[in-house]
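# Topology and contacts: notes
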Amino acid sequence: MSRDKKVSIITIKVIIIYSVYFNAHKVYKYIFKLIIDDSMEDSIEKIKNMAIEKGANSVKIIPISDISVNDWVRQKCEFGCRQYGKRFACPPYVQPPDETRKRLKEYSKAMLIEFTDLKERGEWREIQKNMASLEREAFLSGLYRAFAYYAGTCRLCDVCPAESLENSSLFDKKKCVNRRIARPSMEGAGIDVFKTARNAGYQIDVVKDENMCFKSFCLLLLE
Ligand code: SF4
């Protein structure tokens, strides 16, 4: 056999081996992705059911692009809210809207959880604890980036040490007595809850009378 012919045969063999390997690699990658997607879907379904069991009225999975972040929301916290500077889960201790936008880009979806027929703000404490459990469950199920945002201010303690601080700094956050489960308020981080809920197809109106039942939304980022 001539030298040229031998080189051609070797070249063809290399091409065949390469294409078999390459395509097999693509097939394995595809199968692996299907398995991961499937187990992620199972985990999400489990968290959704858990949220309903814990008292949520309904749960929706939304694309991260449906979460509306605006600077004016933070302004409402800074001017007009009695909790400003009084809870470590509120401004100035939570990240500003620009930072929230950046952080949201690290996720593709979130769970928006609706709680209805709330009569008093005290019910938020239980909701916050439940959200912490959901975040933990999501983490343990493999959605290790899971992160919760609470509705409104933090109600985990009757009195927050933030209230008594003079000359506070961001490092005072370490004085939070429930750091493991305290999470930022959606509004404090600049999330427009009304717009986000409406984007997801929920009806939400301003509550005009303090004695009326109200609804509340919490967010669980998932990845
Ligand atoms: S958990 Fe307690 S200490 Fe921490 S932010 Fe909430 S109210 Fe403040």
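Being a predicted model, the structure only gives us computed values, none of them experimental.

## Some details on the overall build of the chain
The number of helices and strands found in the chain is five helices and four strands. In the chain, which comprises 223 residues, the share counted as buried stands at 29%. Across the chain, the fraction of contacts at a sequence separation of at least 24, relative to all contacts at a separation of at least 6, is 82%.

## Regarding the nonpolar core
Formed by 45 residues in total, the largest nonpolar core has its most connected members in Ile 113, Tyr 150, Cys 218, Leu 219 and Leu 220. Secondary structure elements with two or more residues in this core: helix H1 (3-53), helix H2 (71-78), strand E2 (109-118), helix H4 (123-140), strand E3 (147-149), helix H5 (193-199) and strand E4 (214-222). No other element matches E4, which puts six residues into this core. Apart from the residues within four sequence positions on either side, Cys 218 is in contact with Ile 113, Ile 127, Met 131, Ala 148, Tyr 149, Tyr 150 and Ala 151.

## Examining the site of the ligand
As a matter of local geometry, the ligand sits amid 13 residues, with Cys 154, Cys 157, Cys 160, Cys 176 and Asn 178 nearest to it. Here the residues of the shell around the ligand sort into 11 nonpolar, one polar and one charged.

## Observations concerning unusual backbone geometry
At the junction of Pro 91 and Pro 92, the peptide bond is cis and its omega measures out at 5 degrees in the coordinates. Within the secondary structure, Pro 92 sits in the loop between H2 and helix H3 (97-104). The phi dihedral of Asp 117 is positive, around 55 degrees, even though this residue is not glycine. For Asp 117, the location among the structural elements is in strand E2. Positive phi, close to 50 degrees, is recorded for Asn 167, a residue that is not glycine. On the secondary structure map, Asn 167 appears in the loop between E3 and H5. Assessed through the 5 C-beta atoms surrounding it within 10 Å, Asn 167 is described here as exposed.

## Notes on the environment of Pro 184
Within the element layout of this structure, Pro 184 appears in the loop between E3 and H5. Taking the number of C-beta atoms within 10 Å as the measure of exposure, Pro 184 has 24 and is therefore buried. Here the alpha-carbon distance between Pro 184 and Tyr 93, two residues 91 residues apart in the chain, equals 8.7 Å. With residues up to four places along the chain from it excluded, the contact list for Pro 184 reads Ala 89, Val 94, Tyr 149 and Ala 189.

## Let's talk about H4
For H4, built from 18 residues, the straight-helix expectation of 26 Å at 1.5 Å per residue is met to within 8% by its first-to-last C-alpha distance of 26 Å. Looking only at H4, the buried set comprises Trp 124, Ile 127, Gln 128, Asn 130, Met 131, Leu 134, Glu 135 and Ala 138. Taken end-on, H4 shows its buried residues confined to a sector of 165 degrees, consistent with a single buried face. Of the residues one or two after H4, Gly 142 is the one with positive phi, at around 110 degrees.

Cut-off values and rules
- Residues numbered from 1 in each chain as written.
- Predicted model: local features only at pLDDT ≥ 70, side-chain atom pairs only at ≥ 80, totals over all residues.
- Helix = DSSP H or I, 4+ residues; strand = E, 2+ residues; numbered from the N terminus.
- Buried ≥ 20, exposed ≤ 12 C-beta atoms within 10 Å, placed from the backbone.
- Contact = placed C-beta atoms within 7 Å.
- Core = buried A, V, L, I, M, F, W, Y, C linked by C-beta atoms within 7 Å.
- Near = placed C-beta within 6 Å.
- Nonpolar A, V, L, I, M, F, W, Y, C, P; charged D, E, K, R; others polar.
- Expected span 1.5 Å × (residues − 1).
- Arc of directions from axis to C-beta.

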